[in-house]
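Inside the fold
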Amino acid sequence: MTATLRIDFVSDVACPWCAIGLASLEKALGELDGDVRAELHFQPFELNPGMPPEGQDIGEHLTQKYGSTPEQQAAAREGIRQRGEALGFSFRKEGRGRAHNTFDAHRLLHWAGLQDADRQLALKKALLKAYHGEGRAPNDRAVLLDAAAEAGLDRAEAARVFDDGSYAGEVREREQFYQQHGISAVPSVIVNERHLIQGGQPPEVFAQALRQIAAEHE
């Protein structure tokens, strides 16, 4: 008998570990196919909610936020690139050029989730690819609309959502909900609204945890 689990994937488009975590989770679910079925929902989290529209040089940003040196950043970037490659996600070798605000991306993701879960997933993956794989700005209108179209969503409707500020209140409410429930780092994978799996875990860790949770709910 196949167990159905609700999975809330709390994350930010700006987070490279969220790209790794999603690729890893998808691989785990593929391995569990037939035993576990997932209802996947993407929930918003902003790493840099105060980031101005023009963004900030990524090296400068990481130094200010974490105190890291250019050498440490390069080493971390290469480690992330290798982790992604093993999971089938291609990070841009040069990394991200700038840090950006991602609130509009979360508004579009919320809208996509109201349309169809599969298209929300496709939009999330398109946005992660655009930023981490291609170095495109995730707050740029054209980038967001291209990603929506790539995900099979209506481009004109996505433009309307972007331009009129739709779902800003809903995104803020979701962000506050998870912050108030102790989520301060991403990715945070919440299963059946009670089990937390933190970080970009390897596929086998996700698979083991999901198998165990599914067994508990039989």
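As a starting point, this report considers the structure included with it. What you are looking at is a predicted structure, and each value in this text was computed from that prediction instead of being measured. (Residues numbered from 1 in each chain as written. Predicted model: local features only at pLDDT ≥ 70, side-chain atom pairs only at ≥ 80, totals over all residues. Heavy atoms only, no water.)

Within the secondary structure, glutamate 78 is located in helix 3 (residues 70-87). Within the structure, glutamate 78 has its side chain in polar contact with the side chain of glutamine 82 (distance 2.9 Å). (Helix = DSSP H or I, 4+ residues; strand = E, 2+ residues; numbered from the N terminus. Polar contact = N/O pair within 3.5 Å; in protein donor to acceptor, adjacent residues only side chain to side chain.)

Time to look at the side chain of glutamine 43. Position of glutamine 43 among the secondary structure elements: in strand 2 (residues 36-44). Accessibility expressed as a relative area gives 9% for glutamine 43, which makes it buried. In this view, glutamine 43 contacts Arg6, Asp8, Phe9, Val10, Ser11, Arg174 and Tyr178; residues no more than four positions away in its chain are not counted. (Buried < 20%, exposed > 50% of the residue type's maximum accessible area, 1.4 Å probe, protein only. Contact = heavy atoms within 4.5 Å.)

Pairing geometry for strand 1 (residues 3-11) and strand 2, over 9 bridges, is parallel. In the strand pairing of strand 2, leucine 5 is matched with alanine 38. (Pairing = 2+ DSSP bridges.)

Across the two faces of strand 6 (residues 195-198) the burial differs, with His195 and Ile197 buried and Leu196 and Gln198 not buried at all. As defined by bridge partners, strand 5 (residues 188-191) adjoins strand 6 across 4 bridges and the pair is classed as antiparallel. If you follow serine 188 over to strand 6, its bridge partner there is glutamine 198. Two successive antiparallel strands, strand 5 and strand 6, enclose a turn made up of 3 residues, where asparagine 192 displays a positive phi of approximately 55 degrees.

Attention shifts here to the packing of aromatic side chains. If you walk through the whole model with that rule in mind, you get 3 aromatic pairs. Note on phenylalanine 9 and phenylalanine 42: the rings are 5.6 Å apart at their centroids and 65 degrees apart in plane angle, and the pair reads as edge-to-face. Of this pair, phenylalanine 9 sits in strand 1 while phenylalanine 42 sits in strand 2; the two residues are 33 residues apart in sequence, bridging distant segments of the chain. Here phenylalanine 9 falls in the buried class, since its relative accessible area comes to 0%. When its relative accessible area of 8% is taken as the criterion, phenylalanine 42 is described as buried. Taking the centre distance of 4.7 Å and the plane angle of 65 degrees together, the rings of phenylalanine 89 and phenylalanine 91 count as edge-to-face. Residue classification places phenylalanine 89 among the buried residues on the basis of a relative accessible area of 14%. Under the relative-accessibility criterion, phenylalanine 91 is labelled buried at 13%. (Phe/Tyr/Trp six-rings, centres within 6.5 Å; stacked < 30°, edge-to-face > 60°.)

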